[in-house]
Structure formats: C-alpha cells, structure tokens
Amino acid sequence: MLMKSAIYGIATAVAMAAAVVGSPALAQSQSLEVWALSGPEGNYFEQALKRFEEANPGVTTKLVTYPNEQYKTAVDVGLRSASPPDVFRNWTFERAARLVRAGLATEIEDFSTEVPAGALAEFTFDGKLYGVPFDRHGKYMWYNKAFFADHNLSTAPASFDDLIGMCKAVKAADPNMIPIALGSSEPWTIDAYIAIFNQKLVPDDIRVADASLQSSADTLFTDPGYVEALDKFKQMQTEGCFNDSVNALTPEAARTIFATGQSAMTLCGTWCLTVFDTEGLANGYLGFRLPDFAGQKGASGGHLVIEDGVQISTATRDKGTYELANKFLHFIVTPQEQAEFVKVAGSLPAIPGALEFLPDVSESFTFAVEDTAEATVIATHLDTSLDREISDVYLRGYQELANGTKTSAQIMEEVRAKAIEVKAAR
Amino acid sequence: MPVLPYLFAAPALVFLALLLGYPLISTVVYSFYSYDIISTTRTFVGFDNFLQLLRDPVAHIAAKNAVLFLVISVIVQIPIGLVLAALLDRGVGRTASTVFRTIIFAPMVLSIVAVGLLWQLILDPFAGFANFLVKALGMTPPTAGWLGDPVITIYVIMFIAFWQYIGFCTILLLAGAQRIDGSLYEAATLDGASEVQSFLFITVPLLRNTIVVVSLLSMIGALRVFDFVYVLTAGGPGDATQVPATMIYKEAFFLGHMGYANAISVLLLFVTVCLGFLQLRYSRQVS
C-alpha cells in the first residue's frame, strides 16, 4: 500500500512538473546576460534590457559592465569562464575576429534587411556574420566656435600645415589658450592621430596587407609612411599644438579642459558630444576631419570611423539562449531603440532610420551623422585592427614618443620586429 | 594515533588545498606551457618561459622597479615608522597619542583604488594641488607631469604607497615599543641620557626583532605591489613603472601569454616565499 502511494505520488509530481515545464509562460522563462561598457553605453543597455523584459514576459536579464580598458580583459576571461555572457559588446575587425577564431563567438542570424551592408561587413568573417553594430563613431577635431569667431581664426584647414598654422594662431591670439587638449595617460588617444596619419601617409594596399600580416616578412611595416606618421604627431607636439604633461593627463580631463574653454580644440570621438554638452559647451563647438598631407600616398579624405557592436557567445548554443540572444540583437537595432541609444549614449546610430525618431539633435550631432555617413575611406584604431602584440608595441611607443624617450624610427623598428615574430608564430 | 584532531582540521585543510594548493600547483605546471587566455590547447615549452624572462627588457624594468620599491620601502618606512612609534609611545600625552595614532593609521583603512584616484586629482598637471604647492614654493613642477615622467613617476607611486602604509608600520613598531620596560628609560634619565640617546640606545636595540619583522613585511608588500601602479599609471609611461604584478596582469590578460605570466608568478612566488620564511623565523624569535 505504502509502495503504491509512493509510486502514485512520484507519478503525480512528474506529471505536474511536466505540465509546469510545458506551460507557455514558463517555457519562455529564460535569462539573458549582457556585457557592455560602463558609462553612457551601459546606461542605455540597462534601460534597453528593461524594455526587452517588458516586451518578452518571462524573460529576465542581467547587465554586467566594466570600464573601457578593463572590459577588454574581462570579456576574454568571461568567455572562457563557466558562466560566460550570452551577448557581449565588442569592437570590430581583429578584436571580433580573434574570438571567432577561438570559437568563442558564434554566427548570428541574418540582419541584412535591418542594418546597412557596409556596417555588417566589419563583423563578417569568411562570409559569415558574427556580430551586429549598434553604433558608429567618427573622430573629429572639435573646435570652440566662440573662440575662433572672436579671434577671426580659420576653422577649415586644407592641409596638415594649415593645422599647425591653426595651433600657432590660437597661441598668438591667446597665449594662455591650449591649442589642442590631449590626455594620453591612456595611449589610445594618440593612437587616433597615428591611425589617421597612417591611412594618409601609407599606401592603402600596403597598410591593409601589413595589418593582416599578408606582407612578406622582409617588407612588413617598412613603408616610410609609418615613421612619417609618428613624426607628424611629434611635430604637432614640438610646434606647441598640445598641452604639457600629456602622459599625465587622462582623456577625461582633456575633454573637460576643452569643454570648459581652456583649450581651443580637441580630437575626440562622437561619444564626447554629450560630455561637452553637459560640461558647459552645449552648441558651442563644431568639428572637422584631420586634413590631408601634401602629396600623401594614402587615399585622400580618409576618416577614422569606429563601429561598436554586439556578438553572441558560442556558449548560448549549449545554454539554450541562442534564439533569445538573437532576439535581443534584433531588438536593439530597431530604429526606435537606436534613437533611444542616441538619446542616452550620445553616439551616432548604426541605423540611419533612427534619425526619424530624433527631431531635436544639435548642429554638431547632425554634422557628425552626415559627415560620417559620407566617409568612404576609413581608418581604424590600430589597437583594434592590428594583432594585440603589435598594437601593444605601438601603444607603449606613443607615450615614449611624447616623452621624447624614443624616436619614431625606434618605435617602428620595434613594431616591425614584433610583426615578424607574430607572423612567424601564426 | 588520535584521529579526531585531524577530522576537525580536515574541512579547513580541504578548503585550503582547494583554494591555495590547486591554484599554486596549476601555476607551476602551466608555467612550462604556452597558451592564450582564449585558446583551447596548451603547448609544452619546457623552460622557455623562464628563459624569455631573462631576455625580456620589460621584465628587467619590472625587476628594477621591484628592487627599488623593496629597498626604498625599508629605508623610508622603517625609520619614519620608528620615530613616529617612539613619539606616540613617549613623546606625547595619552590623548594626543590616541588622536595621532588615528590620523597616522587612517590612510590604511581607505580603499587603494580610492587613494589612487584621490592622488590622481592631487597630482593633476592642470588642477592638482601638487603643482599649485610646488609653484607657490617658487619651484617648477615636472614638465611631463608627476605621473607622466618616466624617471620620477615610480618614486611618486612609492610616496603614495608609503603614505598609506606608514601607519601600519608605526602601529606594529608602537606595539613593540610599548612592551619595553619603562624602568630602563627611568634609569637612563637618572644617568643623564637625553630623549634622543634613550631612543637610539634603548628603543632601537630592543625593537631589533620587531624592526626585522616589519622590514620583511614591507619587503613582501613591496614585491606584491599592484593596485597603486595599475590605478595611477597602468605601468606607463611606456613601461617605466611596470612592476612584476602589473607585468603578470598585462602578459596574462592583455597579451594573452598565460604561460609566460605563470612563469613570472612562479619566480615572484619563490622570492616572496623566501622572504616569508625569514619573516617566520624572526617572528618566532620575537615571540
């Protein structure tokens, strides 16, 4: 009798459990973990995940954020850990490609009807799509409109020499004004200059072949344009374009110096617009692309455009969250969500349609959206387009170049040696 | 043979083996392999990682900075800690001693990251108090900035680390000083000894063992320093302020050289264990 009751009890429990599992509400009871950068981007994802939960009853979400530099390490460790994220933000090109090669990022669904093909190309490897961009950034030299107008200074440099001339004109107009604020305690701020200068001074085919290590070992990074690019940056420094103590100043402090009117210009990504607006320079600035060099070997009109996107970890295939992760990706590239992203993060949208939902954008923002859309020749940050070991030599070299402890030629010698080593190891 | 004591100790031993023993052995084993943080395979490379350490110019900088940190931490922290301990023990009244002890020890309870960010503001080349002070004294601040100069930045980091840890040394030395028999000082005073002479010929000799233990603790701390460097400079400018711990972090998590990072860890562990062994020996002597 007791045995019978026990069997009956177990059978009932199993039946109830099956019913519960099979019910539509709980079948969707899944959780999604998303990793992003802290700050404006994280703020957007926090809000977007709440909206995603509301739109998908039964779905719970978790957001994990890290500051920029820590994130790059954290995501590598996290993807290999026992509890990897389902969806994680990433940069394009090599940073995304290496995770694909390691089998940590999985192919995603088709987004060709939602996102422009050009934007998807940066996440496409061997003809398969491994990520979708959620924003784009352009790097511009922003200038203080009032200062330039008050001193009747030109804001349209046609060449690199004109840019140097602008620095001198600013100093002549006001000796206390810093021409260009630069904080390179994080060396990627110098990388923006070098990436753009490399694009202009190194022939495009050579630059692309070197970056992908397709050039032969005896020609890798030997083009004189590389040394010239570093020299041009150094020239800007010696000609007084930058503030002193660049390596002791954080990028955030440099933005504040510009936003508070202590510098006439600063080179910054379009994510800086919200910083400038909130720190006192709303509608008081505009931007221009870094100008070409006379007789440059790279294509003219090149521009540094960065795309950020999201990828899906391969672990979602085993966890059963792959479809939910794709659903979230489709969700954040809708025009409405892209508009929300712009409002919160201040970045340019990856989807042009988002502008329909953004009636009140600033003059600077409109300029950036239109100008970035026109960019045909794209330069990319070296720390995302080169192998990490090679870009590390560059990044360390920038600070030494600024301090005068290494020359451009020495840095390129080290870059070349590392590139040969990495190529041999592949 | 009684089993019960071992049974009682077993949970702690298992816990220790899992949390300490396993990672320790893994670190040693993996130091003989080459692998990336995101790779699925490991290649056995024998002693290559250790040989690379000898050739790596960044490792030389990190080693030099570690030795500087180690030597200067002893040279600076111990004498200052000793003088402060003597003053707190015999130089000021009871109430003042409590107030000063709190002030001296206060930085110790602050988060290192918070301390780092605070000092970053103080040392800011544009808005920082340090430049303001230096200029007010009629001097010129470093052109490359306190945290941007390849020569002075490591010393600036040391200064900040000492500022935070001097209280720790002082408290340990004060505890030792308070155990010295007061009648010795009374006898010295009757014999006409000054306070300075009492300090030099009574306090310092009788604190010898405590000084050795505190010195060893400072040296071990100096070898393990990471947070201050990471928060303030991340090893820059260039590699000027790399120390072993920041190098391990960078090699492992930024460059993906996990095996090499393990090799550096093993070497650092060896040196630290040697110092720890000396510390234990002297601790026993003190007790």
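About the criteria used
Every chain's residues receive numbers from 1 upward, in the order its sequence appears when written. Labels are handed out in written order, letters beginning with A for the chains and numbers beginning with 1 for the ligands. Only residues with pLDDT of at least 70 are given local features in this predicted model, and only at 80 or more are side-chain atom pairs given and counted; all residues enter the totals for whole chains, interfaces and linings. Hydrogens are left out, water is left out, and the side-chain values use all remaining heavy atoms of the structure. Helix and strand labels come from DSSP, where a helix needs a run of H or I of at least four residues and a strand needs a run of E of at least two; each type is numbered from the N terminus. Burial status follows relative accessibility: with a 1.4 Å probe on protein chains alone, a residue under 20% of its type maximum counts as buried, one over 50% as exposed, and anything between as partly exposed. Contacts are assigned to residue pairs with any non-hydrogen atoms lying within 4.5 Å of each other. Accessible area that two parts lose when put together, evaluated with a 1.4 Å probe and summed over both, is termed the buried area. A pairing counts as a salt bridge when a side-chain nitrogen of Lys or Arg comes within 4 Å of a carboxyl oxygen of Asp or Glu. Counting rule for charge: Lys and Arg are taken as positive, Asp and Glu as negative, and neither His nor the chain ends is counted. Two rings from Phe, Tyr or Trp (for Trp, the six-membered ring) form a pair when their centres sit within 6.5 Å of each other. Planes less than 30 degrees apart are called stacked, planes more than 60 degrees apart edge-to-face, and all others tilted. To sit over a ring, a charge needs its Lys NZ or Arg CZ within 6 Å of the ring centre and within 35 degrees of the ring normal. Predictor confidence is given residue by residue as pLDDT, running from a minimum of 0 to a maximum of 100. A helix is expected to span 1.5 Å multiplied by its residue count minus one. One axis fitted to the seven residues ending at a residue, another fitted to the seven starting there: the angle between these axes is the bend at that residue. The disulfide criterion used throughout: a pair of cysteine sulfur atoms within 2.5 Å. Throughout this description, the term nonpolar core refers to a set of buried Ala, Val, Leu, Ile, Met, Phe, Trp, Tyr and Cys residues connected via side-chain atoms within 4.5 Å.

Enquirer: Explain the overall build of chain B to me, please; I cannot follow it from the model alone.
Expert: Of regular secondary structure, chain B possesses 13 helices and 2 strands. Burial statistics for chain B: of 287 residues in total, 43% are counted as buried. Long-range contacts, defined as pairs at least 24 residues apart, comprise 69% of the intrachain contacts of chain B with a sequence gap of at least 6.

Enquirer: Whenever I open this one, the interface of chain A and chain B confuses me. Can you help?
Expert: Frequently, the measure chosen for interface size is the accessible area that the parts lose on association. Residue-level contacts link 29 residues of chain A with 29 residues of chain B. In total, chain A and chain B occlude about 2300 Å² of area from one another, counting both sides; carbon and sulfur atoms represent 58% of this. Scanning the region where chain A abuts chain B turns up 3 salt bridges. In this structure, Asp-239 of chain B and Arg-396 of chain A form a salt bridge, with 2.5 Å as the shortest nitrogen-oxygen distance. Taken together, the elements giving at least two residues each to the side of chain A that touches chain B come down to helix 4 (68-80), helix 5 (94-101), helix 12 (251-259) and helix 19 (388-403) of chain A.

Enquirer: Which parts of the structure should I look at to understand unusual backbone geometry?
Expert: For residues besides glycine, phi is generally negative; the peptide bonds are generally trans as well. Residue Pro-237 of chain B follows Gly-236 of chain B across a cis peptide bond; omega there is -5°. Here the phi dihedral of Phe-93 of chain A falls at roughly 55°; this positive angle occurs in a residue that is not glycine. We note that Ser-245 of chain A has phi near 55°; this positive angle belongs to a residue other than glycine. Ser-245 of chain A gets classed as buried once you look at its relative accessible area, which sits at 10%.

Enquirer: Sorry, what's going on with the side chain of Asp-210 of chain A here?
Expert: For Asp-210 of chain A, the position within the fold is in helix 10 (residues 204-211). One buried charge, Asp-210 of chain A, has no salt-bridge partner; the nearest side chain with opposite charge is Arg-416 of chain A, at 7.9 Å.

Enquirer: Whenever I open this one, the packing of aromatic side chains confuses me. Can you help?
Expert: Two aromatic rings are characterised by how far apart their centres lie and by the angle between their planes. Residues and elements named next belong to chain A. Evaluated as defined, the whole model comprises 45 aromatic pairs over all chains. The interplanar angle of 55° and the centroid separation of 5.4 Å between the aromatic rings of Phe-52 and Phe-331 together place this pair among those described as tilted. Highlighted residues: Phe-52 in helix 3 (residues 40-55) and Phe-331 in helix 15 (residues 322-332), separated in sequence by 279 residues. As far as the burial class goes, Phe-52 and Phe-331 line up, both buried. Put simply, the rings of Tyr-44, Phe-45, Phe-52, Phe-134, Phe-328, Phe-331 and Phe-341 pair up and form one aromatic cluster. Over the ring of Trp-91 we find Arg-95; its NZ or CZ atom is 5.7 Å from the centre of that ring. Sitting over the ring of Tyr-322, Arg-317 keeps its end group 3.8 Å from the ring centre.

Enquirer: What is the right way to look at the environment of Gln-77 of chain B in this model?
Expert: All names here are of chain B. Here Gln-77 shows up in helix 3 (residues 57-91). You can call Gln-77 buried: its relative accessible area is 5%. C-alpha of Gln-77 to C-alpha of Phe-168: the two residues are 91 residues apart in sequence and 9.6 Å apart in space. The contacts of Gln-77, once residues within four sequence positions are left out, are Ile-72, Phe-162, Tyr-165, Ile-166, Cys-169 and Ser-218.

Enquirer: I tried to follow the confidence of the model for chain B on my own but got confused; where do I start?
Expert: Low pLDDT means the predicted atomic positions in that stretch should not be read closely. Here chain B averages 91 in pLDDT, and 98% of its residues register 70 or above. In the model output, the complex is listed with pTM 0.83 alongside ipTM 0.85.

Enquirer: Can you help me understand helix 7 (residues 153-177) of chain B in this one?
Expert: Helix length check: helix 7 of chain B, at 25 residues, gives a terminal C-alpha distance of 35 Å against a target of 36 Å (1.5 Å per residue), a fit within 8%. Along helix 7 of chain B, the helix axis deviates most sharply at Tyr-165 of chain B, where the bend reaches about 40°.

Enquirer: Whenever I open this one, the pattern of salt bridges confuses me. Can you help?
Expert: Opposite charge on two side chains allows them to pair when their charged atoms are near. One pass over the full model with this rule turns up 26 salt bridges over all chains. When the shortest N-O distance is used, the salt bridge between Lys-343 of chain A and Glu-340 of chain A registers 3.4 Å. Taken together, the residues Lys-343 of chain A and Glu-340 of chain A, both in helix 16 (residues 335-345) and 3 residues apart, mark about one turn of the helix. Beyond isolated ion pairs, a larger network of salt bridges with shared partners links Asp-76, Arg-98 and Arg-388 of chain A together with Asp-36 of chain B.

Enquirer: So what exactly am I meant to see when it comes to the state of the cysteines here?
Expert: Any covalent bond linking the sulfur atoms of two cysteines counts as a disulfide. All names here are of chain A. Scanning the entire structure with this criterion turns up 2 disulfides over all chains. Two residues, Cys-167 and Cys-241, share a disulfide whose sulfurs are 2.1 Å apart. Around the S-S axis, the bridge from Cys-167 to Cys-241 shows a dihedral of about 105° and counts as right-handed. Separated by 74 residues along the polypeptide, Cys-167 in helix 8 (residues 160-173) and Cys-241 in the loop between helix 11 (224-238) and helix 12 bring together distant segments of the chain. We classify Cys-167 as buried; its relative accessible area is 1%. Judged by relative accessible area, which is 0%, Cys-241 ranks as buried. With its sulfur 1.7 Å from that of its partner, Cys-268 forms a disulfide with Cys-272. For Cys-268, a relative accessible area of 6% translates into the label buried. Should the bonded cysteines of chain A be numbered as they appear in the sequence, the pairing reads 1-2, 3-4.

Enquirer: Looking at this structure, I do not really get the nonpolar core. What am I missing?
Expert: Note that soluble globular proteins tend to have their nonpolar side chains buried in a common cluster. Residue and element names in this part refer to chain A. Ranked by size, the top nonpolar core spans 94 residues in total, and within it Phe-45, Val-87, Phe-111, Val-132, Phe-328, Leu-329 and Ile-332 carry the most contacts. In this view, Val-132 contacts Ile-108, Phe-111, Val-115, Leu-120, Phe-123, Gly-309, Val-310, Leu-329 and Val-333; residues no more than four positions away in its chain are not counted. Counting 60 residues, the second largest nonpolar core, distinct from the first, contains Met-177, Leu-290, Ala-379 and Ile-390.

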